[in-house]
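Results of the structural survey
One-letter residues, chain by chain:
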Amino acid sequence: MKLLVTGGAGFIGSAVVRLAVERGYQVVNLDALTYAANLANVEPVADSPLYAFVQADIRDRGALDAAFAAHRPDIVLHLAAESHVDRSIDGPADFIDTNITGTFNMLEAARKYWQAAGRPDGFRFHHVSTDEVFGSLPADPAVQFTEATAYDPRSPYSASKAASDHLVRAWFETYGLPVVLSNCSNNYGPYHFPEKLIPVVILNALAGRPLPIYGDGSNIRDWLYVEDHADALLLVATKGAMGRSYNIGGENERTNLQLVRTICTILDRLRPRGSGAYADLITFVADRPGHDARYAINPSRIRDELGWRLSVTVEEGLERTVRWYLDNEAWWRPLLARQGVGQRLGKGAP
Ligand SMILES: NC(=O)c1ccc[n+]([C@@H]2O[C@H](COP(=O)([O-])OP(=O)(O)OC[C@H]3O[C@@H](n4cnc5c(N)ncnc54)[C@H](O)[C@@H]3O)[C@@H](O)[C@H]2O)c1
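Residues numbered from 1 in each chain as written. Predicted model: local features only at pLDDT ≥ 70, side-chain atom pairs only at ≥ 80, totals over all residues. Heavy atoms only, no water.

Section: the pattern of salt bridges
Under the definition given, this model contains 15 salt bridges. R61 is the salt-bridge partner of D65, the closest N and O atoms lying 3.1 Å from each other. Here R61 and D65 lie together in helix α2 (residues 61-71), a separation of four residues that amounts to about one turn. The partly exposed category is assigned to R61, whose relative accessible area is 27%. The salt bridge partner of R294 is E253, with a shortest N-O separation of 2.8 Å. With a gap of 41 residues between them, R294 in the loop between β13 (282-285) and α9 (300-306) and E253 in strand β12 (residues 253-255) connect regions that are remote in the sequence. Judged by its relative accessible area of 2%, R294 is buried. Here the salt bridges do not stand alone but share partners, grouping R61, D65 and K112 into one network. (Salt bridge = Lys/Arg side-chain N within 4 Å of Asp/Glu carboxyl O. Helix = DSSP H or I, 4+ residues; strand = E, 2+ residues; numbered from the N terminus. Buried < 20%, exposed > 50% of the residue type's maximum accessible area, 1.4 Å probe, protein only.)

Considering the packing of aromatic side chains
Here the structure, examined in full by the defined rule, presents 16 aromatic pairs. Ring geometry for F95 against Y157: centres 6.4 Å apart, planes inclined by 85°, an arrangement best described as edge-to-face. Taken together, the residues span a long stretch of sequence, with F95 in helix α4 (residues 93-116) and Y157 in helix α5 (residues 156-175) at a distance of 62 residues. On the basis of relative accessibility, which here comes to 2%, the residue F95 falls in the buried class. Between the aromatic rings of W324 and Y325, the centroid separation amounts to 5.1 Å while the plane-to-plane angle is 80°, which identifies the pairing as edge-to-face. (Phe/Tyr/Trp six-rings, centres within 6.5 Å; stacked < 30°, edge-to-face > 60°.)

Some thoughts on the nonpolar core
In this structure, L3, V5, L77, L233, I248 and I302 are the most contacted members of the largest nonpolar core, which totals 35 residues. Among the secondary structure elements, those contributing two or more residues to this core are β1 (2-6), α1 (11-22), β4 (75-78), β6 (179-184), α7 (226-239), β11 (245-248) and α9. Among all residues touching I248, those that are not within four sequence positions of it are S182, N183, C184, S185, L224, H229, A232, L233, I297, I302 and W308. Formed by 34 residues, the second largest nonpolar core is a distinct cluster that contains Y35, V322, W324 and W332. (Core = buried A, V, L, I, M, F, W, Y, C linked by side-chain atoms within 4.5 Å. Contact = heavy atoms within 4.5 Å.)

Thoughts on the side chain of D131
Structurally, D131 can be placed in the loop between β5 (124-130) and α5. R221 is the oppositely charged side chain nearest to the buried, salt-bridge-free D131, at an N-O distance of 7.0 Å. If sequence neighbours within four positions are ignored, D131 has contacts with F145, N183, C184, S185, Y295 and I297. (Lys, Arg positive; Asp, Glu negative; His and termini not counted.)

Things to note about the environment of D228
Among the secondary structure elements, D228 is positioned in helix α7. Along the sequence, D228 and E173 sit 55 residues apart, while their C-alpha atoms lie 30 Å from each other. Beyond its immediate stretch of four places on either side in the chain, D228 contacts W308, L310, S311 and V312.

A closer look at the site of the ligand
Not every one of the 30 residues close to the ligand is listed here, only the nearest: I12, D31, S83, Y157 and K161. Between an oxygen atom of the ligand and a side-chain N or O atom of D31, the distance comes to 2.5 Å. Within the side chain of S83, a nitrogen or oxygen atom sits 2.7 Å from an oxygen atom of the ligand. Computed on the free molecule, the ligand has an accessible area of 830 Å², of which 96% lies beneath the protein chains in the complex. (Near = heavy atom within 4 Å. Polar contact = N/O pair within 3.5 Å; in protein donor to acceptor, adjacent residues only side chain to side chain. Areas by Shrake-Rupley, 256 points an atom, 1.4 Å probe, with all protein chains shown as cover.)

Considerations on the packing of helix α8 (residues 256-270) against helix α10 (residues 314-327)
Where α8 contacts α10, the axes come no closer than 10 Å and their chain directions differ by 55°. What the angle tells us is that α8 and α10 run oblique. In this structure, α8 crosses over α10, and the sense of that crossing is right-handed. The segment α8 lies against α10, with L259, T262, I263, I266, L267, R269 and L270 engaging V314, E315, L318, E319, V322, R323 and L326. (Axes fitted to C-alpha atoms, helices over the stretch in contact; angles between N-to-C directions. Parallel < 35°, antiparallel > 145°, perpendicular 65-115°, else oblique. Left-handed = near helix turned anticlockwise from the far one by under 90°.)

Laid out in C-alpha cells, this is it:
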C-alpha cells in the first residue's frame, strides 16, 4: 500500500513517515521544505526502497497533479500546514494560503486522480487537524472536546484549520471523496522544532537562559506523545470510517507551569546545573493575545471504534524527549539559527 504524506519533513509528518516505513508501507513524502521542515527528521528511513521524497508546494496545484500522476497513492495523509499560532498572529496570510487554499488544492488534485482512476475502493484522504478548532474549555474536568463539539476557533491558525476541516467535509458530502479527519491535542516528542514550548524550555534550560511562560502559566493543554499520535494516524487513515472524524488526545492534562516544572525536575536529575535548580530560570512573560484557557480531548471514539491505546504517560514521554534532546545536539543546534527561532513572536498589537 502506498501512502502520500504531505508535510512529512515536519514534526508530526516525519513521525508518520518513519513509522509507516518501519511497518512496511511505501511512503511518498511531499513537502515544500519551509522554515519548519528538516530532512534530517526522515534520515532514519531516507535510504529505504520504500521511501520517496517530492519537493512540492501545496499552493501549486500543477505540482500536486504531477505528484498524484507519478506516484498513484492508495491513501493520502495531509499534514502540510503552517502550524505555529504565534506566527499566525504576526503574519496570518501564509496560514490562509497554505492551510486553506493549499488544502483546497490537495482536495481537488485528489478528486481528479481518484475519479480518473475509477474511484478505487479503499482510497482515503485523511486530513490531520487540531483540537484548537473547538476553541477554549472551562476549567471543569468533566467538560471535554468530543467529535460533536461546535467549532469556535480563536486564532488565525485555528480558524484556518477549521476552514480546511469544513472544506474536507464538503468534498465528502458534495463529491463523495472518501475522507477521514482527525483533531488532536498538543504533540510533543523527538524532532520537535525549537520554537514550540517543550523544546524551547529544554534548550533554554541547557543554555542557562530564562524559561518563558506566557501569562501566569495556568493554561491547560492535553499532551500527546508524537509517536502515539503517528500510530493513531495510521489507524485512522487505514481503518477509519468514511466521512468520520476522530479526536486524538493524550489524556494528560497539565497546566503549562506544571509541565515546565516537570521538565525542570527531569533535567535536574539527568544534567544537574552547577548551582541551583532549573526551575529557578522560570520567567513569566506577557500572555499571548486570545490565549485559549484549556484544551482537553475525549478520545473514546478512536479507543472504542479503532482500538487505539496510548503507550506512555506524559512523565514517561517527557523523560524520553529530554533524553533525546540531550543526545541529539547535532540535530537541534543548526535549527537555532533559523528565522524567528529564539525570538518572542505573536505578542499582537502593542
Ligand atoms: N504540533 C501539534 O501539536 C499539532 C497539534 C494538532 C494538529 N497539528 C497539525 O498537524 C500537522 C503537522 O503539524 P507539525 O507540528 O508537524 O507541523 P510542522 O510545522 O512541524 O511541519 C509542517 C510541515 O509542512 C510543510 N509545509 C508547510 N507549508 C507547506 C506548503 N505550502 N506546501 C508543502 N509543504 C508545506 C513544512 O515544510 C513542514 O515540513 C499540521 O496540519 C498541524 O495543523 C499539529
